[in-house]
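What follows is the residue order along each chain.
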Amino acid sequence: MLEQESLISALKAIKVSPKKAGIPSPIRKFPTVLLILQRHMLGGILSPLETSMPSVVVEIFSWLQTIAAQDPKYSAIFLAENYAFLASHLRSSSLECLAEYAESAQKLSDSSVSAYCAWIVHCEFEELDNFLKQVGIQMKNVPAHDIQFTQSLTRQEMRKVSRAFSPQLMDKHVRSMHSRIRKHISPEMGMFWNVWRSVQNHTLKLHQRLCDVAKDCYASEGPKDAVAELTRLFAAGENGSMGGSDRVSVDNSAT
């Protein structure tokens, strides 16, 4: 019981910033608490420890959300890493009372990874993403074929934002995202490849949105051959062959 109280006290006392926080020390102590609890169970000592452990997990989840809310820019990756850490150790525990929390932690980690990847892609393709969002808003009131006559959504503007998927800019964007993710993610968690694949999926969805809008609203095909080039670039990043990717200049407003 003392170990659990110590953990909760440490949570309430520590001051952490989500920015590159990794796994804070109180969370790192959690596996030790689980191990102590399991030893008590093997020795036939069950009651107060086993019954109070779920409340400790709930307290930890709540604390992570509180810390993440301090800096929305980094909240998603902070939550993704910490929930993944908890999910891994909860799954390895033999305590049946914690099984549901392992599943919850994994789902929270997965949703945080998705939110983080959506943010990464938005930062890299902000002008294009905002353009497509405005088109979506206008299409609620304006026929698709008339969108091109809307101020700031002209055919010329569509061509301008479409350049984001030109071969030269695609290479720059993919390298920049690769560098930014490397900067944000803690190597110890081994999450880079899952995040990288999710970023690829988000980028391909953005390209598909552009192609759909180009076809429906501007009678255009959109960027040609972009999917094959994006697939090649992301495969290079996954294989660690981005070359000088980690030296790409990154917009400080989004790092």
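Residues numbered from 1 in each chain as written. Predicted model: local features only at pLDDT ≥ 70, side-chain atom pairs only at ≥ 80, totals over all residues. Heavy atoms only, no water.

### As for unusual backbone geometry
For Ser152, which is not a glycine, the phi torsion comes out positive at approximately 75°. For Ala219, which is not a glycine, the phi torsion comes out positive at approximately 50°. Position of Ala219 among the secondary structure elements: in the loop between helix 10 (192-218) and helix 11 (226-238). Judged by relative accessible area, Ala219 falls into the exposed class, the value being 73%. (Helix = DSSP H or I, 4+ residues; strand = E, 2+ residues; numbered from the N terminus. Buried < 20%, exposed > 50% of the residue type's maximum accessible area, 1.4 Å probe, protein only.)

### Re helix 6 (residues 99-124)
For helix 6, which comprises 26 residues, the first-to-last C-alpha distance of 38 Å matches the rise-based estimate of 38 Å (1.5 Å per residue) to within 8%. Tyr101, Ala102, Ala105, Ser109, Ser112, Val113, Tyr116, Cys117, Ile120, Val121 and Glu124 are the residues of helix 6 that are buried. (Expected span 1.5 Å × (residues − 1).)

### What to know about the side chain of Ser186
Within the fold, Ser186 resides in the loop between helix 9 (167-184) and helix 10. With a relative accessible area of 12%, Ser186 lands in the buried category. What Ser186 contacts, discounting residues up to four positions off in sequence, is Gly22 and Glu81. (Contact = heavy atoms within 4.5 Å.)

### Re helix 7 (residues 126-138)
Taking 1.5 Å per residue as the helical rise, helix 7 with its 13 residues ought to reach 18 Å, and the 18 Å between its terminal C-alpha atoms agrees with that figure. Buried residues along helix 7 sit in contact with helix 6, helix 8 (155-162) and helix 10.

### Remarks on the packing of aromatic side chains
Overall, the coordinates contain seven aromatic pairs when judged by the stated rule. For the pair Phe192 and Trp193, a centre-to-centre distance of 4.5 Å together with 85° between the ring planes defines the contact as edge-to-face. Overall, the relative accessible area of 31% leaves Trp193 in the partly exposed class. Linked through ring pairs, Phe192, Trp193, Trp196 and Phe234 together constitute an aromatic cluster. A cation over a ring is seen here: Arg182 above Phe192, with NZ or CZ 4.0 Å from the ring centre. (Phe/Tyr/Trp six-rings, centres within 6.5 Å; stacked < 30°, edge-to-face > 60°. Lys NZ or Arg CZ within 6 Å of the ring centre and 35° of its normal.)

### Focus on the confidence of the model for the protein chain
Scored by pLDDT, the protein chain has a mean of 84; 82% of the residues are at 70 or more. Mean pLDDT across the secondary structure elements of the protein chain bottoms out at helix 1 (residues 2-13), with 62, and peaks at helix 7, with 96. (pLDDT = per-residue confidence, 0-100.)

### Focus on the pattern of salt bridges
Note on pairing: side chains with opposite charge can pair once their charged atoms come close. One pass over the full model with this rule turns up nine salt bridges. Measuring nitrogen to oxygen at the nearest pair gives 3.3 Å for the salt bridge that ties Arg180 to Glu124. Of the two residues, Arg180 is situated in helix 9 and Glu124 in helix 6; the sequence distance between them amounts to 56 residues. Of the two residues examined, Arg180 and Glu124, each falls in the buried class. For Arg232, the salt bridge goes to Glu229, with nearest N and O atoms at 2.7 Å. Of this pair, Arg232 and Glu229 both sit in helix 11, separated by three residues, roughly a single helical turn. Three or more residues are tied together by salt bridges with common partners; here these are Asp129, Lys133 and Arg209. (Salt bridge = Lys/Arg side-chain N within 4 Å of Asp/Glu carboxyl O.)

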